[in-house]
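# Report on the structure
Chain by chain, the residues:
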Amino acid sequence: MLVDGQLFRTVWIPEGDDVLVRIIDQRSLPFRFETADLHTVEEVTVAIRDMWVRGAGCIGAVAGYGMWLAACEAAATASFSTLFKRFAETLRSARPTAVNLSWAVDRQLQVASSVSDAPGKVAAIRAAAQEIADEDVAACRSIGEHGIRLFRDASELNGGSPVNVLTHCNAGWLAFVDHGSATAPIYSAHDAGIPVHVWVDETRPRNQGARLTAWELGQHGVPHTVITDNAGGHLMRTGQVDLVITGTDRTTSTGDVVNKIGTYLKAVAAHDCNIPFYVALPSSTFDWSASDGLTDIPIEERSGNEVSSIEGLCNGVETTVHLLPQGSHAANPAFDVTPARLVTGLITERGICKANEESILGLFPEKKLS
Ligand code: MRU
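In this report, we go over the structure that sits alongside the text. Note that this is a predicted model, so its numbers are computed, not measured.

### Concerning the pairing of strand 16 (residues 335–338)
The two faces of strand 16 match: Phe335 and Val337 on one face and Asp336 and Thr338 on the other face are all buried. Across four bridges, the pairing between strand 11 (residues 257–260) and strand 16 is antiparallel. Bridge assignment links Val258 to a residue of strand 16, and that residue is Val337.

### Digging into the packing of helix 4 (residues 99–113) against helix 5 (residues 118–157)
For the pair helix 4 and helix 5, the least separation of the axes is 9 Å and the interaxial angle reads 145°. When the axes of helix 4 and helix 5 are compared, the crossing they make is right-handed. Note on element contacts: helix 5 touches helix 4 through Lys121, Ala124, Ile125, Ala128, Ala129, Glu131, Ile132 and Glu135, opposite Trp103, Ala104, Arg107, Gln108, Val111, Ala112 and Ser113. Broken down by class, the residue content of the contact of helix 4 with helix 5 amounts to nine nonpolar, two polar and four charged.

### Some points on the site of the ligand
The immediate surroundings of the ligand are formed by 18 residues, with Arg54, Arg95, Gln208, Asp249 and Lys260 found nearest. Here an oxygen atom of the ligand and a backbone polar atom of Gly55 are 3.1 Å apart. In isolation the ligand exposes 400 Å². Once the protein is present, 100% of that is buried. The class makeup of the residues in the shell around the ligand is seven nonpolar, seven polar and four charged. Looking at which domains feed residues into the shell around the ligand, each of domain 1 (2–135) and domain 2 (144–369) supplies at least three.

### A short note on the packing of aromatic side chains
Counted by the stated rule, this structure contains eight aromatic pairs. Taking the centre distance of 4.9 Å and the plane angle of 65° together, the rings of Phe8 and Phe33 count as edge-to-face. Here Phe8, found in the loop between strand 2 (6–7) and strand 3 (11–12), pairs with Phe33, found in the loop between strand 4 (21–24) and strand 5 (35–38); they are 25 residues apart in sequence, far enough to count as distant. Residue Phe8 is classed as buried on the basis of its relative accessible area, which comes to 13%. Seen from their ring centres, Trp173 and Trp215 are 6.3 Å apart, and the 45° between their planes marks the pair as tilted. With Trp173 in the loop between strand 6 (163–167) and helix 6 (183–191) and Trp215 in helix 7 (residues 208–220), this pair connects stretches of sequence that are 42 residues apart. Exposure remark for Trp215: the relative accessible area of 13% places this residue in the buried category. These aromatic residues form a ring-pair network of at least three members: Phe8, Trp12, Phe33, Trp173 and Trp215. The ring of Trp52 carries Arg27 above its face, with NZ or CZ at 3.9 Å from the centroid. Cation over ring: Lys260 sits above Phe335, and NZ or CZ is 4.3 Å from the ring centre.

### Observations concerning the sheet that holds strand 11
Read from one edge to the other, the open sheet built from four strands follows the order 13-10-11-16, with strand pairing classed as mixed. Because the sheet does not close on itself, it has two edges, and the strands there are strand 13 (286–287) and strand 16. In this structure, strand 10 (residues 250–252) lies alongside strand 11, joined through two bridges in antiparallel fashion. Among the inter-strand pairings, Arg250 is bridged to a residue of strand 11, identified as Val258. The strands touched by helix 9 (residues 263–272) are strand 11 and strand 16; relative to strand 16, the strand with the most contacts, the crossing angle is about 30°.

Reading the values: the criteria
Residues numbered from 1 in each chain as written. Predicted model: local features only at pLDDT ≥ 70, side-chain atom pairs only at ≥ 80, totals over all residues. Heavy atoms only, no water. Buried < 20%, exposed > 50% of the residue type's maximum accessible area, 1.4 Å probe, protein only. Helix = DSSP H or I, 4+ residues; strand = E, 2+ residues; numbered from the N terminus. Pairing = 2+ DSSP bridges. Axes fitted to C-alpha atoms, helices over the stretch in contact; angles between N-to-C directions. Left-handed = near helix turned anticlockwise from the far one by under 90°. Contact = heavy atoms within 4.5 Å. Nonpolar A, V, L, I, M, F, W, Y, C, P; charged D, E, K, R; others polar. Near = heavy atom within 4 Å. Polar contact = N/O pair within 3.5 Å; in protein donor to acceptor, adjacent residues only side chain to side chain. Areas by Shrake-Rupley, 256 points an atom, 1.4 Å probe, with all protein chains shown as cover. Domains from an automatic or database assignment. Phe/Tyr/Trp six-rings, centres within 6.5 Å; stacked < 30°, edge-to-face > 60°. Lys NZ or Arg CZ within 6 Å of the ring centre and 35° of its normal.

This is a description of form; function is not addressed.
Okay, here's the thing in structure tokens:
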């Protein structure tokens, strides 16, 4: 994606021989665009846990590169295998809900076990990290190519006036390596000349919509308006939303969607108003072993401080302010589960399917249990 005219991915290995991984540090957006260098797997774990990087695909790609740093560290000792596995478990535990994290860690463990000598393992794991990132880019590009038809249809239905799409949280290119999941069809439609306008849920408590999605859309020149999380139902009931597209942090093989807290309420409102509710995801975000979103998927509980305070700019200075009365406690479940019955369809790199097992396996037949 372009940032001030320059092409960026969210994570990459800079040219040269240094052992490091460079990321876009999302904590400073939209106020400052900054990158950060991560030199060890411990630093990668902190960057994921403390949300310097976030979003399912981005977390998975950063973890893939983090496993390369882990391999480099382990290869400098006499006990590669023990240390590498310990690093893998530390990394895996950084955040519990987005399945791309453990998917990338497991993939790298497998790569390590397929090579016998330590230098060979390091080289193979580095190559696999690049592959994970490249596959993420390709999958998101395809999601855009498949999803554009929803915009063509909606545009035809409303006689060519802008398609109003509502999105929640940030499932944009910052949440992946490039393109994004929910935003990929939006960028494709905009680039193809279909008029689009995006309602951006601010997404309390961390405001990924207001801070990240709005910034991304602005960089790409896509018309958008930021709304409070509570405004979506009103906009849907008054005919101001044609389509909802969100991302997901983990989706079961039966089509239950785990995504940023507040997604479920949007799906309920969309269902009540007969508005299509789509979820965009690369196949790395399916949890093929989970069949019930409510019981099979851990929901991350984050610190109440994210609710009791808010970050912003005050007279040009980045500031955090406290919001609650003295003594009030805050709870912060970070994700919720939208049952498959409320999801109109899933937009994947292989096409659009219904949110049920039969339709999902129709696109991914190799995942059928024999
Ligand atoms: O807690 P975050 O910011 O990592 O949340 C994840 C998300 O970005 C959203 O839930 C998003 O919609 C799905 S991840 C592509």
